[in-house]
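Residues per chain are reported as follows:
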Amino acid sequence: MNVSDMNLIFLGPPGAGKGTQTKKLIEEFGFIHLSTGDILRQLIRSRDTLGLQAQIYMDQGKLVPDGLILEMIQTKMEKKCGYIFDGFPRTIDQASALDKIVPVDHVVYLFLSHDVILKRLTGRRVCEKCGKEYHIEFMPSSLKDSCELCKGRLYQREDDRPFVIENRLSVYEKQTKPLLEYYHEKLIRIEACGNVLSIDQENIKKIGLSTHKAMSQCCS
Ligand code: AMP
């Protein structure tokens, strides 16, 4: 199957590495990346009204209402296929709305332990200018508190603070995990906490893509 005929969803708890793993597939295969979290953060940075409305929910670790998310995602979609949805859908209502817009071929579910999630999220730092992510332990910037790409200041996301993380995880359990059942026929399960992972040759084959290049990542 060609990338241009396919849509993939990446599903998993906060900290599973959805962004990192999808970026690999995008570079390799040319998918269009639709990360609702990234789009929202960009809207906040540009002081957009929708972004500022969303920020109130995000800072508390809650989901942004479905109506806002669907409005936002539709403005970003010009084609029927070729997308990787990252962090979307996150509720059954979002999933059934997506079903009415485009077909979904595979849902890649990244799973990992609670301890690893906490370690990844509490150590994450993000560039305030370009959005590039680092980790204080696993992927520190060589410029300490500044971004290697644009020299922007690195900050800790409001929703990566410990008490907000707990909230995000419980929201995930209640509102997003039911999607595993919703998509059970399309699910590809990948463990996301080993040393070398995740979207390797075998998983790429499962998704129905072929490549000669190996893809792997050190993630802890
Ligand atoms: P992420 O970067 O994917 O972890 O998203 C960060 C935050 O943005 C989430 O905790 C939510 O508050 C919000 N968000 C991102 N995607 C969605 C979505 N599909 N539905 C509702 N809220 C979302």
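Look up a bit, the structure's there.
Residue numbers run consecutively from 1 along every chain, following the written order of its sequence. Two thresholds apply to this predicted model, a pLDDT of at least 70 for residue-level local features and 80 or more for giving and counting side-chain atom pairs, whereas whole-chain, interface and lining totals are computed over all residues. Each side-chain value is derived from all of the structure's non-hydrogen atoms; neither hydrogens nor water enter the calculation.

*Asks:* Hey, could you go over the sheet that holds strand β5 (residues 124-127) for me, with residue numbers and the actual values?
*Replies:* Sheets are built from strands paired through backbone hydrogen bonds, the pairs being either parallel or antiparallel. In this scheme, strands are said to pair when DSSP sees at least two bridges between them. The helix count covers DSSP runs of H or I at least four residues long, the strand count covers runs of E at least two residues long, and both are numbered beginning at the N terminus. Pairing within the open sheet is antiparallel, and its 3 strands lie in the order β6-β5-β7. Only two strands of the sheet have a single neighbouring strand rather than two, namely β6 (133-135) and β7 (154-155). Bridge count between β5 and β6: 3 bridges; the pairing is antiparallel. Each residue of the ladder has a partner; that of R125, found in β6, is Y134. Note on contacts: a residue pair qualifies if any of its non-hydrogen atoms lie within 4.5 Å across the two residues. Geometry is summarised by axes, namely lines fitted to C-alpha atoms with helices restricted to the contacting stretch, and by angles between N-to-C directions that run from 0 to 180 degrees. Helix α6 (residues 114-122) contacts β5 and β6 of the sheet and is inclined by roughly 35° relative to β5.

*Asks:* Any details on the nonpolar core? Residues and values, ideally.
*Replies:* We define a nonpolar core as any set of buried Ala, Val, Leu, Ile, Met, Phe, Trp, Tyr and Cys residues linked to one another through side-chain atoms lying within 4.5 Å. Working definition: with a 1.4 Å probe on protein chains only, accessible area under 20% of the residue-type maximum means buried, over 50% means exposed, and in between means partly exposed. Core analysis: the biggest nonpolar cluster contains 31 residues, and L40, F85, L98 and Y183 have the highest contact counts within it. Counting only elements with at least two residues in this core, the list comes to β1 (8-11), α2 (36-45), α3 (49-59), α4 (66-76), β3 (83-86), α5 (92-101), β4 (106-111) and α8 (178-182). At 5 residues, α4 tops the list of elements feeding residues into this core. Not counting residues up to four positions away in its chain, the partners in contact with Y183 are I9, P89, A95, L98, V104 and V107. Grouped together as the second largest cluster of nonpolar side chains are 24 residues, L8, L112, I165 and I204 included.

*Asks:* I'd like a rundown of the packing of aromatic side chains, residues and numbers included.
*Replies:* Put simply, two rings from Phe, Tyr or Trp (the six-membered ring, in Trp's case) pair if the centres are within 6.5 Å, and we call them stacked under 30 degrees between planes, edge-to-face over 60, tilted for the rest. In the structure shown here, the tally under the stated rule is 4 aromatic pairs. Their ring planes at 55° and their centres at 5.9 Å tell us that F85 and F88 sit as a pair that is tilted. The class for F88 is buried, based on a relative accessible area of 0%. Linked through ring pairs, Y83, F85 and F88 together constitute an aromatic cluster. Criterion for a charge above a ring: Lys NZ or Arg CZ within 6 Å of the ring centre, and within 35 degrees of the ring normal. The ring centre of Y134 lies 5.0 Å from the NZ or CZ of K132, which sits over that ring. Positioned above the aromatic ring of F111, the side-chain terminus of R189 is 5.7 Å from the ring centre.

*Asks:* So what's going on with the packing of α2 against α4? Which residues, and what values?
*Replies:* Angle between the axes and distance between the axes: these two values describe a pair of packed helices. Two numbers describe how α2 lies on α4: the axes approach to 11 Å, and their chain directions differ by 95°. Considering their axes alone, α2 and α4 lie roughly perpendicular with respect to each other. Judged by residue contacts, T36, I39, L40 and L43 of α2 engage I69, M72, I73 and K76 from α4. Its residues placed into classes, the contact of α2 with α4 shows 6 nonpolar, 1 polar and 1 charged. Here the word oblique covers every angle except those under 35 degrees (roughly parallel), over 145 (roughly antiparallel) and from 65 to 115 (roughly perpendicular). Here the term charged refers only to Asp, Glu, Lys and Arg, the term nonpolar to Ala, Val, Leu, Ile, Met, Phe, Trp, Tyr, Cys and Pro, and the term polar to all other amino acids, Gly among them.

*Asks:* Outline the environment of V108, supporting the account with residue identities and numerical values.
*Replies:* For V108, the location among the structural elements is in strand β4. Sequence-wise, V108 and G12 are 96 residues apart; in three dimensions their C-alpha atoms are separated by 8.3 Å. Aside from chain neighbours lying at most four places away, what touches V108 is I9, F10, L11, I188, I190 and I207.

*Asks:* Tell me about the sheet that holds strand β2 (residues 32-35), and name the residues and values.
*Replies:* Sheet architecture is open: 5 strands sit in the order β2-β3-β1-β4-β8, paired in parallel fashion. With partners counted over all chains shown, the strands left at the sheet margins are β2 and β8 (187-191), one partner each. For this sheet the average axis-to-axis angle between neighbouring strands, irrespective of direction, equals 20°. Taken together, the 3 bridges between β1 and β3 define a ladder with parallel strand orientation. Counterpart to I9 in the pairing with β3 is F85.

*Asks:* Report on the site of the ligand, specifying residues and quantitative values.
*Replies:* For each residue, the test is whether any non-hydrogen atom lies within 4 Å of the molecule or strand; if one does, the residue is near. Looking at the ligand, there are 16 residues lining it, with T36, R41, K62, R90 and Q94 nearest. Pairing of N or O atoms within 3.5 Å defines a polar contact, subject to two protein rules: one partner must be a possible hydrogen donor and the other a possible acceptor, and residues neighboring in sequence count only if both atoms are side-chain atoms. The side chain of R41 places a nitrogen or oxygen atom 2.9 Å from an oxygen atom of the ligand. Within the contact set of the ligand, an oxygen atom lies 3.3 Å away from a side-chain nitrogen or oxygen of R168. Computed with a 1.4 Å probe, the accessible areas rest on the Shrake-Rupley method; for each residue, only the protein chains presented here act as cover. For the ligand, the accessible surface in isolation is 480 Å², of which the surrounding protein chains cover 95%.

*Asks:* Lay out the state of the cysteines with the relevant residues and their values.
*Replies:* Sulfur atoms of two cysteines make up a disulfide when they are within 2.5 Å. Applying the stated criterion to the full structure yields 0 disulfides. Unpaired in terms of disulfides, C127 finds its nearest cysteine sulfur in C150, a separation of 3.4 Å.

*Asks:* Tell me what's going on with helix α7 (residues 162-176), and back it up with residues and numbers.
*Replies:* Three- or four-residue spacings in an α-helix give side chains the same orientation, since the helix completes a turn every 3.6 residues. An expected span of 1.5 Å times one less than the residue number is assigned to each helix. Look at α7: 20 Å from first C-alpha to last across 15 residues, which is about the 21 Å you get at 1.5 Å a residue. Taken together, the buried positions of α7 are V164, I165, R168, L169, V171, Y172 and T176. One side of α7 carries all its buried residues, which in axial view fall inside an arc of 160°. Facing away from the buried side of α7 by more than 90 degrees, the exposed set consists of P162, F163 and K174. Packing partners of the buried residues in α7 comprise β1, α3, β4, α6, β5 and α8. By arc we mean the arc of the directions from the helix axis to the C-beta atoms, nothing more.

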